[in-house]
Amino acid sequence: MGIGLFAARNDFEAAQVLVRAGVGQVGVSVTAGVLSGPGGASIGVGDISTRYEYSHPNIQKVGNVQNPPDGGNAYYDALMDNSPQVVAANTTFASYYEVHVPAGQAPGVYTGIATVNSSLGNVVVPVTVTVYGATIPPTSQATFKMNNWFTSAGWDYEGTEAAIPNEYGVQMYDANWWTVEANIAANMARHRNNVIYADAEALAIPGTVVDASGHYTFDWSTFDRFVNLFVSAGAMQYIYTPTLVEGPASAPQVDTLVPVNGVSGAVKHVLCQPNSGAAGVCPDTSGWLNQFFPALKAHLDAKGWTSNFYMSALDEPTTSQQVSAANWFYTIYEKYFPSPRTNEAQQTTFTGDSAHLTTQTPVTSVYDSNVALYQNFRIGGKDLWLYTCIVPQGQYMNRFTSNYLDETRLLPWLTWKIGGDGYLHWGWNYWHDGFDPPYPAADTFNTAQTGDHWIVYPNKGAYDIYDSLRSEAQTAGLQDFELLHQLAAIKPAAARMLADTLVTNPTTYDTSGWDVEGRHKQLLDELAAASGDLAMPFADDFSGGDHFWTHTKGTWTTSGAEYTQSDASANWGYVSYVRGHSYGDVSASVDLQITGVNANGGSTNWAGLMVRSMNGTDLDSGYLVAQRDNGQLFVYRAGKTLASATVPGYVSGQRTHLRVVARGSTLTVYSGTGQAPVLTLNDSAFTAGDVGVVTGGASANFWNARVEPTSLDPAETATITASTSYEGDGWGIRAAVDGQRASTSSAVGWSSLGNYTSNHSEWVQLDLGSARSLDRVDLYPRSDGANAGQGFPIDFTIQTSVDGASWTTVSTQTGYPKPTSVQTFPFAAVNARYVKVVGTNLSTDPLGHYHMQFAEIEPLGGDLALGRPATTSSSVEYPNEGWLTANLTNGAHHTDLWSSSGWSSAGSSTAGSTQWARVDLGGPSRISQVTLYPRDDAPNTGLGFPSAFTIQVSADGTNWTTVVSQSSYPRPGAGGIAFGFGATTARYVKVTGTVLTADQFGTYYMQLAGIGVA
């Protein structure tokens, strides 16, 4: 088995090479070779590194622990050099093989070898690196703000300043100290740490003087030299000064500079009382800030750094005394910095100085417990970062050495999911075992440690830095964030779906390295694919259980076609959401019935829908649309009720149909028996996310959940007009585009006026809002009992138009019989905004009145297989693992074990076992292409794709015509494979595998991620 990596440009991708033998070895190392690619391009050995991994013997286990195989306390972390090592018998040697793909590298597949060197003989490992066209921006131009606090000058003026001298045997500001800091700058650039922790006040101490009258002359040369290390290295995008209000929370003090000799001349650092006059060695502190801040501003302006500079007053504030000190501090600061960047790390919901902060940075667990608070800060224009330190622990993601590496990598994914753009950790290289003088140098390799104080290690002999597995995992996550950001700009549903399948919330996430690497590859595949965004229609009558749904709270069960949340406690936010799906513009609906309410709240308790939820299991990072048992309907967002209305005719405990249409910034809500919207509002806080059902202080039943991207059914957001319309008794013009294909007593459909006793013409017209490709119109007849099919026209045309003025007839029907089910009318694809059905010969009701009536009108185009029923020759229906026949047409097109793995036939011992998958398009359709999506879950991409197969079409599901035949088909890569053929009209499409391929265990399957038809 070799190494297979998938990389963007300006990307670092890595694999582990493990060496183990039953006897001892010497001279063990790994040597990299050149990777050769397309057109003579190559990735040279200068862009490939191999480093052995150090096993730390005394790791203290905290948080979500991944135990080593022996259950002990030794963990690999530090990445050393590539010097040959002695390896004992039955001991694993681990080497970290890493490839840097330069920003200008030609896309394509690069191959080469790595050689394992050993006294037992050398072993060649094949290497393949697939380079995609996407490019990750340089560190100094990143979207994400990475702030790892590191040691230099200032900060706490004790442990911070002692760390480097004590580890390397240097003096502050001597030549070797500057060498260490320059190597830190290079390491920061390499690892995407673009927020530079630089204490402007402390770095001004050398050279700054004060005269006897208290006037300061600031010397910024040391500050400039320090910052320019990071500018030159390509690491500096932002400067973040350490907190300048220090001391105990009950009596905070401000950092000042005072004369060393107490009179004038050189200066030193002293903590003084905020907002106080001169006392002892301390200056008037307001006067001090009114000298320091304007001088700092003038210098930053001169350097062009002002807009990139963060000021921070407090660290983890908690008290009213800190409130007073910070507000005094920021008020003076804002006199000179009218458009500041400000930030503070927070371990509580401290809001005393929030008016002055442009960034909110809560520890992850605090965010998780107060989503509404921080989402409202974000919605209000503040940046949102996450913060970790020695907390949180438990199941929360953190970067402790004993934790799953995926936790470190997925923190940027979590940040992206919640709408954040930064992450802070306090301990990049605080190389001390504790926080007390004299701050002796820690034995960073062998001392008892959690990984909280440092994520890198001192390379003392070279005045350099040893990286770690954790710092590399963090970098991988930061690279993933940039790819997510790029993908979300063009395919927001795809980006959010990929993120959702890895991260549910801060305590529920995937810990499989294979899965995370697989999602990284799928990000690259989606960026490379010319196809549009994913569209994932979903419908569930709950008859098969709730395996499509995810919930972490409440008591959720299914019985027959009913989904029940039976806990009526007073807790808000019992959410069950559709796993692995994401939606932007969407129509979501469900039938619901409140069956019980808690005494706390009574009839004001509710049940409803969540739409566009950033985290599917909470109700504060999306829109809650809910029905109270007292008849009030409301829309809630992050702790605020945006709108409410009373549903006409609502009766406590009744079954009601709730539908939410989110399109752009407009939310339209339908409920009850009326056809008109109950609520319409505009809000742009949330643009894409999950859909779920939810209760608050109530037990409830749910039926017939349906989620439809408006791109697939544009009629649901269409403007509909008609020649005439009867509004009453369940009839209404909006009922023809409400997503309900079957007639109900409250939504029978649309009917023209019915008092005409002579035949005549009627028309109904849809304005889809914008032009789109259409190739079929489905007309659903009324389906209310004995009246089914009544009102369907006998002679009619279907017409399309781009402008609503010039019309093209795409279907003409005469003598049409009374139908009992949906009628589909295919035509050659056209680009149209308007669709019109014109009835010229109508049918009569039992009273002899002429009507034109439809339960629903649906113009269609694009992938006609989406959401359609699929059947197969055999299927391993494993809901937990994600293998389901329904996945063939769910639109996800990506596979991820334990989420959505696609469809798999039953296994066979021979390749010649014929298997097939069939899709019913719902009616005759004009088609000329079938797209097959192979598995793309690393390392199983292309596994199960048949070696020989046919694609057949049929009008009736019995008589088949072969339109594609393939033999000896190679194992494919990721992405849809389109097979074209002459345009034909068909209702059914069948893919039949006649020669199957084996998995790694020798069992033969036919497996697909999906089938598309157009």
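Here is what the cut-offs are and how they apply
- Residues numbered from 1 in each chain as written.
- Predicted model: local features only at pLDDT ≥ 70, side-chain atom pairs only at ≥ 80, totals over all residues.
- Heavy atoms only, no water.
- Helix = DSSP H or I, 4+ residues; strand = E, 2+ residues; numbered from the N terminus.
- Buried < 20%, exposed > 50% of the residue type's maximum accessible area, 1.4 Å probe, protein only.
- Contact = heavy atoms within 4.5 Å.
- Polar contact = N/O pair within 3.5 Å; in protein donor to acceptor, adjacent residues only side chain to side chain.
- Pairing = 2+ DSSP bridges.
- Axes fitted to C-alpha atoms, helices over the stretch in contact; angles between N-to-C directions.
- Phe/Tyr/Trp six-rings, centres within 6.5 Å; stacked < 30°, edge-to-face > 60°.
- Lys NZ or Arg CZ within 6 Å of the ring centre and 35° of its normal.

As named in an unreviewed UniProt entry, the protein is F5/8 type C domain-containing protein, taken from Catenulispora yoronensis.

## Topic: the environment of Glu 727
Along the chain, the position of Glu 727 falls in the loop between strand S45 (719-722) and strand S46 (750-751). Given a relative accessible area of 47%, Glu 727 falls into the partly exposed group. Measuring from C-alpha to C-alpha, the distance between Glu 727 and Leu 753 comes to 8.7 Å, with 26 residues separating the pair along the chain. Dropping the residues within four chain positions of it, Glu 727 is found in contact with Gly 732 and Ile 733. For Glu 727, the side chain forms a polar contact with the side chain of Ser 725, separated by 2.6 Å.

## Examining the sheet that holds strand S22 (residues 345-346)
The five strands lie next to each other as S12-S25-S24-S23-S22, forming an open sheet whose pairing is parallel. The two strands at the open ends of the sheet, each matched to only one other strand, are strand S12 (145-148) and S22. Two elements, S12 and strand S25 (residues 422-425), share four bridges in a ladder whose sense is parallel. If you follow Asn 148 over to S25, its bridge partner there is His 425. Contacting strand S24 (383-388) and S25, helix H9 (residues 405-417) runs over the sheet at an angle of about 150 degrees to S24.

## A word on the sheet that holds strand S9 (residues 93-101)
Read across the open sheet, the six strands follow the order S2-S9-S6-S7-S27-S26; overall the sheet is antiparallel. What marks the edges here is a single partner per strand, and that holds for strand S2 (11-19) and strand S26 (457-459). Within this sheet the neighbouring strands show an average axis-to-axis angle of 35 degrees, counted without direction. Pairing analysis gives two bridges linking strand S7 (residues 75-79) to strand S27 (residues 464-468), with the strands arranged antiparallel. Across the sheet, Leu 79 pairs through a bridge with Asp 467, a residue of S27.

## Side note on unusual backbone geometry
For the bond from Val 391 to Pro 392, the omega torsion is 0 degrees, close enough to zero to count as cis. Its identity as a non-glycine residue notwithstanding, Tyr 463 has a phi of 55 degrees, on the positive side. In this fold, Tyr 463 is placed in the loop between S26 and S27. Of note, the phi angle at Phe 542 is positive, near 65 degrees, even though the residue is not glycine. Relative to the helices and strands, Phe 542 is located in the loop between strand S30 (538-540) and strand S31 (549-551). Accessibility expressed as a relative area gives 0% for Phe 542, which makes it buried.

## A closer look at the packing of aromatic side chains
One pass over the structure, following the stated rule, counts 66 aromatic pairs. Between Trp 155 and Tyr 430, the ring centres sit 5.9 Å apart and the planes meet at 65 degrees, which makes this aromatic pair edge-to-face. In this pair, Trp 155 sits in the loop between S12 and helix H1 (159-168) while Tyr 430 sits in the loop between S25 and S26, placing the two residues 275 residues apart along the sequence. Like Tyr 430, Trp 155 is buried. Arranged with centres 6.2 Å apart and planes meeting at 40 degrees, the rings of Trp 220 and Phe 292 form a pair that is tilted. Placement of the pair is Trp 220 in the loop between strand S15 (216-217) and helix H4 (221-233) and Phe 292 in helix H5 (residues 285-303), with a sequence separation of 72 residues. Across the pair, Phe 292 and Trp 220 agree in class, each one buried. A cation sits over an aromatic face here: Arg 190 above Phe 12, 3.5 Å from the ring centre. If you follow Lys 990 out to its NZ or CZ, it ends over the ring of Trp 916, 5.6 Å from the centre.

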